[in-house]
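Below, each chain spelled out in residue letters.
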Amino acid sequence: MFYSRYFIPTVKEIPSDAEVISHQLMLRSGMIRKLAAGIYNYLPMGLRSIRKFEAIVREEMNRAGAIEMLMPSVQPAELWQESGRWQFYGKELLRFKDRKDNDFCMGPTHEEVITDMVRREIKSYRQMPLNFYQIQTKFRDEIRPRFGLMRGREFIMKDAYSFDVDSSAADSSYEKMYQAYHRIFERCGLNFRAVEADTGSIGGSSSHEFMVLADSGEDAIVSCNTCRYAANVEKAEARNVQSAAKAEQLPLQKTATPEMKTITDVANFLRMSADKTIKTLVYSSSAGEHVMALLRGDHDLNEIKLKNHLSWDEIEMATETDIQKITGSPVGFLGPVGLKQKVTVIADLAVQGMINVVIGANEKDMHFTNANLERDFAPDRFVDIRNVVTGDACPRCDSGKLEMWRGIEVGHVFKLGTKYSKALNATYLDADGKEQVIFMGCYGIGIGRTVAAAIEQNHDENGIIFPLPIAPFHCAVVALNTKDSGVMAAAEDMYKKLESSGIEVLFDDRDERPGVKFKDNDLIGIPLRIVVGSKGLAEGKVEVKIRATGEVQLLPIEDAVEHICKMVATALGSSK
């Protein structure tokens, strides 16, 4: 491809509305252009990278036995009402009516549609296992679309759905997809983790997120420094490691703590560390239920863990009015001693074994010191409800410690079980002719989001550093002086030889200064740059620069094509 005949509208300045580096660089390198909030045009360079990634996804999905199909973007409301998600999904579901006043939505995902198709077509156990996938445009009406392709409203997604006769068979299908996802992201040359995760609005029994590690990642993840355990911080398990030390219980005392409403304030005022205090929080459900949560003062509540333990649909902080009714106290001085109304009290596992702690006295400007379990207060149960922190003991092995990372979610696999098949009555006849419910799994990958995440992980001050398997072009041939017919002839000859060898080449034939060409090629992230200039030709050599490392090689011109072909083959071969 000749640069002068292609469309690469690069921009020098950082766009004012682009907050993260991938958004900035995708705009500056001419990969995307904004049409509306969270909706983008994919320009030629951006589309090339996306198509590269799609090809890897297709190869690995096919290799894992999945079958490609394509479902409509527009979905009838009846299916969503049948599954119970029409209202539950929230305002992210873009709803509209057709001319006959029928309700429809733009599909943010396709569990209902695929389950409807399967219940119509699959009748016997002999027809399973099955796994269907598609690569298609989705729409989720995000309240605050931002970060370019990282969190848009319209986006390209690969979604797959497996159908099996029972839980054991479904586990096998899940494992195949789990391994396929590992191969996909390994082939892209990305540093990633597969982490245990909450199932969220999709539902199901368990799930894993695939996270590309990047300092700019929205999600906090943890992994063990010894074993393979990794989890999203929302899901990460806190292991209860109680101290063997015992201390004498001291008498309970009420102590004045004027205007000391936070754990930090109270701990500093009483000249003790926060881990000697207990934090008290009150939450409400959408049904008007209440719960009191107790945590060690230096720990933070994990609302998702608490919500899941209680099996609540929604969870939110209780109002000051409700808190006053339950405790008789304003916020800042809450505790489990002397409650005005009965409420379920759930304590985090780390509260077990704490002795002579500080807790709120349910009275303005007052706290108890030397409070002790059983003697002064007794939680209804102890549950893991906190966020883990760096250095926590691994919940899977005896010697490991947890480390914290930032990650960008690019893929998610779910064990759905019978959540959708029961709701939509997707059944089959077993070997005995008895009707059974189909077991399902679902598996998603954000296509554009993965390309953006690759940029977040691979860039420098000069621009993008694409891993070769998903780069728009494998290499660029740069002619330094277009007015020198010898340079142009040699550069074009190299371009044609590389192209005929199956290498994807961008021939920079523009009548621009060398510095402009170098800056543009660095910005758009082409992995290999071959520079053809009059000085090098006089010596019979060309310069090859590796974008990722900055390494420069001077190669004999007669050997350069073979050398480049080997470099590309090695990079692509190691990704398969």
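Residues numbered from 1 in each chain as written. Predicted model: local features only at pLDDT ≥ 70, side-chain atom pairs only at ≥ 80, totals over all residues. Heavy atoms only, no water.

The name recorded for the chain in an unreviewed UniProt entry is Proline--tRNA ligase, from Pelotalea chapellei. Check the Subcellular location (unreviewed entry) section of the UniProt entry for the chain; it says "Cytoplasm". Here is the UniProt Catalytic activity (unreviewed entry) comment for the chain, exactly as written: "tRNA(Pro) + L-proline + ATP = L-prolyl-tRNA(Pro) + AMP + diphosphate". (UniProt positions renumbered as here; feature names shortened; annotations may be inferred.)

This next bit is on the packing of aromatic side chains. Scanning the model with the defined rule gives 15 aromatic pairs in all. Members of the aromatic cluster, connected to one another through ring pairs, are F53, Y178, Y181, F185, F192 and F210. Stacked on the ring of Y174, the Lys or Arg K415 has its end atom at 5.0 Å from the ring centre. (Phe/Tyr/Trp six-rings, centres within 6.5 Å; stacked < 30°, edge-to-face > 60°. Lys NZ or Arg CZ within 6 Å of the ring centre and 35° of its normal.)

On inspection of all chains with the given rule, the structure shows 43 salt bridges. Between E363 and K254 there is a salt bridge, and its shortest N-O distance comes to 2.9 Å. With E363 in strand β18 (residues 357–363) and K254 in strand β13 (residues 253–256), the pair connects residues that are 109 residues apart, well separated along the chain. Residue K254 is classed as partly exposed on the basis of its relative accessible area of 45%. (Salt bridge = Lys/Arg side-chain N within 4 Å of Asp/Glu carboxyl O. Helix = DSSP H or I, 4+ residues; strand = E, 2+ residues; numbered from the N terminus. Buried < 20%, exposed > 50% of the residue type's maximum accessible area, 1.4 Å probe, protein only.)

With respect to topology, 5 strands assemble into an open sheet ordered β16-β14-β15-β17-β20, the strand pairing being mixed. Of all the strands in the sheet, just β16 (316–317) and β20 (381–383) have a single pairing partner and so form its edges. (Pairing = 2+ DSSP bridges.)

Glancing now at the environment of Y420. Locating Y420 in the fold gives a position in helix α10 (residues 419–423). What makes Y420 buried here is its relative accessible area of 2%. In the structure, Y420 is positioned 308 residues away from E112 in sequence and 7.1 Å away in space, judged by C-alpha atoms.

Turning next to empty space enclosed by the protein. Applying the stated rule across the entire model yields 2 cavities of 30 Å³ or more. Here the largest cavity defines a volume of roughly 50 Å³. Forming the boundary of the largest cavity are N521, D522, I526, R529, K545, I546 and R547. For the lining of the largest cavity, the secondary structure elements donating two or more residues are α13 (514–524) and β30 (541–546). V20, F147, M150, S216, E218 and E456 are the residues that line the second largest cavity. In terms of residue class, the lining of the second largest cavity is made up of 3 nonpolar, 1 polar and 2 charged. (1 Å grid on protein atoms, 1.4 Å probe; cavity = no way out; pocket = protein on both sides within 12 Å on 5 of 7 lines; lining within 4 Å. Points joined across faces, edges and corners; volume = space filled by probe spheres on them. Nonpolar A, V, L, I, M, F, W, Y, C, P; charged D, E, K, R; others polar.)

Let's shift gears to the sheet that holds strand β29 (residues 528–532). Ordered in space as β28-β27-β29-β30-β31, the 5 strands form an open sheet in which the pairing is mixed. A strand with exactly one partner marks an edge of an open sheet, and here the two such strands are β28 (505–508) and β31 (552–556). This sheet shows a mean twist of 20° between the axes of neighbouring strands, independent of strand direction. Bridging between strand β27 (residues 475–479) and β28 involves 4 bridges; their strand directions are parallel. Bridge pairing in β28 links V477 to F507. Sitting on the sheet, α13 touches β27, β28 and β29, and the angle it makes with β27 is about 175°. (Axes fitted to C-alpha atoms, helices over the stretch in contact; angles between N-to-C directions. Contact = heavy atoms within 4.5 Å.)

What follows is about the packing of helix α12 (residues 485–500) against helix α15 (residues 557–573). Helices that pack against each other are described as a pair by the angle of their axes relative to one another and the distance between those axes. Packing of α12 against α15 leaves a shortest axis separation of 10 Å and a crossing angle of 35°. Judged by the twist between their axes, the crossing of α12 over α15 is right-handed. In contact with A490, M494, K497 and L498 of α12, α15 contributes I557, A560, V561, I564 and C565. Here the contact of α12 with α15 is built from residues that sort into 8 nonpolar, no polar and 1 charged. (Left-handed = near helix turned anticlockwise from the far one by under 90°.)

Interfaces are frequently sized by the accessible area removed from exposure as the parts join. Considered domain by domain, the chain is made up of domain 1 (3–221 + 404–456), domain 2 (253–383) and domain 3 (473–573). The interface is formed by 12 residues belonging to domain 1 together with 12 residues belonging to domain 3. Between domain 1 and domain 3, the buried area comes to about 1100 Å², and carbon and sulfur atoms account for 65% of it. The interface formed by domain 1 and domain 3 contains 2 salt bridges. E504 is the partner of R48 in a salt bridge, and the nearest nitrogen-oxygen pair spans 3.6 Å. For the pair domain 1 and domain 3, the interface holds 5 residue pairs in polar contact (both at pLDDT 80 or more). Elements with a minimum of two residues in the side of domain 1 that touches domain 3: α1 (21–28) and α2 (44–63). Among the elements that line the side of domain 1 that touches domain 3, the one with the most residues is α2, at 3 residues. Its residues assigned to classes, the side of domain 1 that touches domain 3 shows 6 nonpolar, 3 polar and 3 charged. (Domains from an automatic or database assignment. Buried area = accessible area lost by both parts, 1.4 Å probe. Polar contact = N/O pair within 3.5 Å; in protein donor to acceptor, adjacent residues only side chain to side chain.)

Take the state of the cysteines next. In the structure shown here, the tally under the stated rule is 0 disulfides. Free of any disulfide, C565 has its nearest neighbouring cysteine sulfur in C475, separated by 8.4 Å. (Disulfide = S-S within 2.5 Å.)

In this fold, E196 is placed in strand β9 (residues 192–197). A polar atom in the side chain of E196 sits 3.2 Å from the side chain of R396. For E196, the residues in contact, after removing those within four places along its chain, are S207, H208, Y229, A230, A231, N232, K235, E237 and R396.

Attention shifts here to the side chain of N362. Tracing the backbone through its elements, the reader meets N362 in strand β18. Separated by 2.8 Å, the side chain of N362 and the backbone oxygen of G335 make a polar contact.

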